[in-house]
Amino acid sequence: QVQLAESGGGLVQPGGSLRLSCAASGEIVSIHDMAWYRQAPGKQRELVARITHNHSTNYADSVKGRFTISRDNAKNTVYLQMNSLKPEDTAVYYCNADIIQLRWVRSDYWGQGTQVTVSS
């Protein structure tokens, strides 16, 4: 089985920074795309940023220039550096990974979510 463990959420003032981490563990052969999504109260889950195995990235327009996604393939870990945070960034942030397991089974996995609250 595979698990995604997220960390790094919390309460921060507007203009502040947070760094989220998500580590994948289990019977993993390789990981294709990794991504961060978020879901605010009363809203649909939305893509924040995505990174390929070769480190190509794309971002939601609302976070471009403020957030940076990166990954360490040796550690099966993806990061989200969030700077210049705004109250509208408040949401539960979810890690997502497209994982190849033993016997070449390919599945999509989600973390449990970590709360990010931006408030003064």
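Residues numbered from 1 in each chain as written. Predicted model: local features only at pLDDT ≥ 70, side-chain atom pairs only at ≥ 80, totals over all residues. Heavy atoms only, no water.

Trainee: Would you take a moment to explain the state of the cysteines for this structure?
Mentor: A covalent bond bridging the sulfur atoms of two cysteines is what the word disulfide describes. Tallied over the entire structure, the rule returns 1 disulfide. Linked covalently through their sulfurs, Cys-22 and Cys-95 form a disulfide whose S-S length is 2.1 Å. Measuring handedness by torsion sign, the sulfur bridge of Cys-22 and Cys-95 sits at about -80° and is left-handed. Residue Cys-22 is located in strand β3 (residues 18-26), and its partner Cys-95 is located in strand β9 (residues 91-101); the two are separated by 73 residues in the primary sequence. The class for Cys-22 is buried, based on a relative accessible area of 0%. Looking at Cys-95, the relative accessible area reads 0%, which means it is buried. (Disulfide = S-S within 2.5 Å. Helix = DSSP H or I, 4+ residues; strand = E, 2+ residues; numbered from the N terminus. Buried < 20%, exposed > 50% of the residue type's maximum accessible area, 1.4 Å probe, protein only.)

Trainee: Which parts of the structure should I look at to understand a nonpolar patch on the surface?
Mentor: Nonpolar side chains collect at one region of the surface, where Val-29, Leu-102 and Trp-104 lie side by side and expose about 330 Å² of accessible area between them. Secondary-structure assignment places Leu-102 in the loop between β9 and β10 (106-110). (Patch = residues over 30% accessible without salt bridge, like charges linked within 9 Å, V, L, I, M, F, W, Y side chains within 5 Å. Areas by Shrake-Rupley, 256 points an atom, 1.4 Å probe, with all protein chains shown as cover. Salt bridge = Lys/Arg side-chain N within 4 Å of Asp/Glu carboxyl O.)

Trainee: What is the right way to look at the sheet that holds strand β1 (residues 2-7) in this model?
Mentor: Strands belonging to one sheet form pairs held by backbone hydrogen bonds; the direction of such a pair is parallel or antiparallel. Sheet architecture is open: 4 strands sit in the order β1-β3-β8-β7, paired in antiparallel fashion. Only two strands of the sheet have a single neighbouring strand rather than two, namely β1 and β7 (67-72). Sheet twist, expressed as the average angle between the axes of neighbouring strands with direction ignored, equals 15°. Bridging between β1 and β3 involves 6 bridges; their strand directions are antiparallel. Across the sheet, residue Glu-6 finds its bridge partner in β3, namely Cys-22. (Pairing = 2+ DSSP bridges. Axes fitted to C-alpha atoms, helices over the stretch in contact; angles between N-to-C directions.)

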